[in-house]
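Chain by chain, the residues:
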Amino acid sequence: MKLGVVGLPNVGKSTLFNAITHAGAEMANYPFCTIEPNVGVVAVPDERLDKLAALYNSKKVTPAVIEFVDIAGLVKGASRGEGLGNKFLSHIREVDAVVHVVRCFEDENVTHVENSIDPVRDIGTINLELILADVEAVEKRQDRIRNAARGGADKNAAAEFAFLEKLLAHLDKGLPASALAVTDEEKAMLDNLFLLSSKPVVYCANIAEKDMGADEDSLPLVRAVKEYAAMHHAGVIVVCAKTEEELAEMDPDDAALFLEEFGLKESGLSKLIKASYALLGLISYLTAGEKETRAWTIAAGTKAPQAAGKIHSDFEKGFIRAEVVDYETLLECGGYNGAREKGKVRSEGKDYVMKDGDVVLFRFNV
């Protein structure tokens with residue numbers, strides 16, 4: 001999974017990126033200090049892996065990973081080349097989802113490009129630039145297929161052109177592509193366009209240190225972001241990027257104590273990953289043994305043969321069955337053999353839909 005971290009300049013975007021990836025993106029109190037996208041690969045925190053590894057005395061533990069891309073700060077007019085212009089837009093096209101950092105704190109020492117704090121306005125600024133860039137992309141596609149679609153001789157081109165007109169009318173209203181109601185056929189055409197405003201979004205409300213541990217709904221700026229996200233079916237989390245940066249420098253035990261002091265159960269990274277998984281409809285199944293314990297990320301609804309194919313294509317081609325036990329039952333039984341003796345291991349066929357936390361042994365023959 002690849003997530004693009006975006007936001008206006010000086011909203012805490014690179015601070016948060018540094019905290020969650022330890023990649024060391026340059027930070028400064030001026031726009032565009034991030035000119036080339038910084039990339040960091042982060043292990044997905046999953047305590048199930050450590051417990052399984054201890055149970056099996058695994059020599060290797062391999063978590064699922066997420067790639068974060070810190071994309072240069074964006075300003076009004078970017079779609080027309082203002083600021084870094086289209087340079088950042090190409091990087092957004094490559095990600096699976098967008099983490100949109102919005103500033104929900106006052107600090108006279110940190111400038112704001114609009115000289116005032118209004119997260120919903122800031123969200124609108126970036127969203128409008130994405131939509132304007134999409135309008136240009138749709139019009140270019142129309143120009144390419146116009147001759148083929150004319151007169152209806154090419155039925156596929158004619159159908160696509162009609163859809164593009166519908167889509168363009170929608171975008172011209174200032175609405176993102178993700179908000180357009182589409183048929184299955186139209187969805188395939190929409191997906192092929194790779195539009196910026198069709199990306200799933202997690203809004204990340206960046207709060208001040210003094211607001212850590214406060215009731216989120218008591219913070220007016222955060223409440224405004226949550227209301228906006230709810231209206232647009234987007235994910236939302238609340239973090240303090242500056243605190244996350246401090247946590248990243250601590251050892252795990254000290255970090256846990258620090259979070260406990262504020263009454264927090266998990267770090268911003270953990271919240272962000274959970275929100276991203278939920279937004280993209282992803283789950284993890286697990287494999288465990290003496291050689292390796294590993295998490296595999298798949299889309300919710302994936303059937304056993306396709307899940308097996310994540311490990312190796314031969315597993316999917318020669319799939320026979322999946323021997324499955326859920327994670328908690330496996331621990332309670334003291335391992336796979338104990339679970340089998342108690343009749344807790346299920347033999348599942350090609351139509352089995354994988355569940356989060358399934359511990360699986362695939363049987364195959366090629």
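Residues numbered from 1 in each chain as written. Predicted model: local features only at pLDDT ≥ 70, side-chain atom pairs only at ≥ 80, totals over all residues. Heavy atoms only, no water.

### Some details on the overall build of the protein
The line we're drawing: Secondary structure counts use DSSP, requiring at least four H or I residues in a row for a helix and at least two E residues in a row for a strand, with both numbered from the N terminus. To sort residues, take the accessible area from a 1.4 Å probe on protein chains only and compare it with the maximum for the residue type: under 20% means buried, over 50% means exposed, and anything in between is partly exposed. Residues count as neighbours in contact if any of their non-hydrogen atoms are within 4.5 Å of one another. All accessible-area figures derive from a Shrake-Rupley calculation using a 1.4 Å probe, and residue coverage is judged against the displayed protein chains alone.
Secondary structure assignment for the protein yields 14 helices and 12 strands. Taken over 366 residues, the protein has a buried fraction of 48%. In the protein, of all internal contacts separated by at least 6 residues, the share reaching a separation of at least 24 is 68%. Counting every atom, the protein has about 18300 Å² of accessible surface; 49% of that belongs to carbon and sulfur.

### What about the nonpolar core?
The condition that has to hold: We call a set of buried Ala, Val, Leu, Ile, Met, Phe, Trp, Tyr and Cys residues a nonpolar core when their side-chain atoms join them within 4.5 Å.
In this structure, Phe68, Ile92 and Tyr203 are the most contacted members of the largest nonpolar core, which totals 63 residues. Excluding residues that lie within four positions of it along the chain, Ile92 makes contacts with Val6, Ile71, Val98, Leu130, Leu196 and Lys199. Counting residues in hydrophobic clusters, the runner-up holds 18 residues, among them Val135, Phe163, Leu171 and Leu195.

### Here we look at the packing of helix H5 (residues 155-172) against helix H6 (residues 184-193)
Put simply, the rule reads: Inter-axis angles, ranging from 0 to 180 degrees, are taken between N-to-C directions of lines fitted to C-alpha atoms, where helices are fitted over the stretch in contact. An angle below 35 degrees is treated as roughly parallel, one above 145 as roughly antiparallel, one from 65 to 115 as roughly perpendicular, and anything else as oblique. Following the grouping adopted for this structure description, the nonpolar residues are Ala, Val, Leu, Ile, Met, Phe, Trp, Tyr, Cys and Pro, the charged ones are Asp, Glu, Lys and Arg, and the polar ones are all others, Gly among them.
Orientation of H5 relative to H6, taken along the N-to-C sense of each, is 75 degrees, at an axis distance of 11 Å. One way to sum up the angle between H5 and H6 is to call them roughly perpendicular. On the side of H5, the interface is formed by Ala159, Glu160, Phe163, Leu164, Lys166 and Leu167, while H6 contributes Glu185, Glu186, Met189, Leu190 and Leu193. When its residues are assigned to classes, the contact of H5 with H6 shows 7 nonpolar, no polar and 4 charged.

### Overview of the pairing of strand S4 (residues 65-70)
Basically, it comes down to this: When DSSP finds two or more bridges between two strands, those strands count as paired.
Bridging between strand S1 (residues 2-6) and S4 involves 4 bridges; their strand directions are parallel. Residue pairing in the sheet places Lys2 in a bridge with Glu67 of S4.

### Digging into helix H4 (residues 119-149)
Cut-off, in case you're wondering: The span one expects for a helix is its residue count, reduced by one, times 1.5 Å. Bend is computed residue by residue as the angle between axes fitted to the seven residues ending at the residue and the seven residues starting at it.
Here H4 contains 31 residues, and its C-alpha end-to-end distance of 43 Å stays within 8% of the 45 Å for a straight helix at 1.5 Å per residue. The largest bend in H4 amounts to roughly 35 degrees and is located at Asp143. Directly after H4, the chain includes Gly151, whose backbone phi takes a positive value near 85 degrees.

### Some thoughts on helix H2 (residues 47-56)
Put simply, the rule is: Here, the arc refers to the directions that run from the helix axis to the C-beta atoms.
The set of residues buried in H2 consists of Arg48, Leu49, Leu52 and Ala53. One face of H2 carries all of its buried residues, which in axial projection span an arc of 130 degrees. Looking at H2, the residues exposed on the side facing more than 90 degrees away from the buried face are Glu47, Asp50 and Ala54. Where H2 is buried, its residues contact strand S3 (61-62), strand S8 (282-287), strand S9 (293-299), helix H13 (327-332) and strand S12 (358-364). Phi turns positive one or two residues past the end of H2, at Asn57, with a value near 55 degrees.

### Describing the pattern of salt bridges
Selection criterion: When a carboxyl oxygen of Asp or Glu is within 4 Å of a side-chain nitrogen of Lys or Arg, the pair counts as a salt bridge.
Under the criterion given, the structure shown has 21 salt bridges. Where Arg141 meets Glu160, a salt bridge forms, and the shortest distance between an N and an O atom there is 2.7 Å. Highlighted residues: Arg141 in helix H4 and Glu160 in helix H5, separated in sequence by 19 residues. The class for Arg141 is partly exposed, based on a relative accessible area of 26%. Glu160 gets classed as buried once you look at its relative accessible area, which sits at 15%. Each of Arg321, Glu323, Arg340 and Arg363 takes part in salt bridges that share partners, so that together they form one network.

### Brief notes about the environment of Pro63
Within the secondary structure, Pro63 sits in the loop between S3 and S4. For the pair Pro63 and Thr293, spaced 230 residues apart in sequence, the C-alpha to C-alpha distance is 8.3 Å. Excluding its chain neighbours within four sequence positions, the residues that come into contact with Pro63 are Ala43, Val44, Leu49 and Ala295.

### Overview of unusual backbone geometry
Backbone geometry places Asn10, a non-glycine residue, at a positive phi of 65 degrees. Mapping Asn10 onto the fold places it in the loop between S1 and helix H1 (13-21). Classification of Asn10 as buried rests on a relative accessible area of 13%. The backbone of Phe194 shows a phi angle near 50 degrees, a positive value even though the residue is not glycine. Mapped onto the secondary structure, Phe194 falls in the loop between H6 and strand S6 (201-206). Using a relative accessible area of 52% as the deciding quantity, one classes Phe194 as exposed.

### Things to note about the sheet that holds strand S7 (residues 235-239)
Read from one edge to the other, the open sheet built from 6 strands follows the order S2-S4-S1-S5-S6-S7, with strand pairing classed as mixed. Of all the strands in the sheet, the pair left with one neighbour each is strand S2 (38-43) and S7. Neighbouring strand axes in the sheet, compared pairwise and without regard to direction, differ in orientation by 25 degrees on average. Helix H7 (residues 220-231) contacts strand S5 (97-103), S6 and S7 of the sheet and is inclined by roughly 165 degrees relative to S7.

### Digging into the state of the cysteines
Inclusion rule: Here, two cysteine sulfur atoms that lie within 2.5 Å of each other are counted as a disulfide.
This structure, assessed with the given rule, holds 0 disulfides. With no disulfide partner, Cys104 has as its closest neighbouring cysteine sulfur the one in Cys204, 9.0 Å distant.

So yeah, pure geometry; function would need other evidence.
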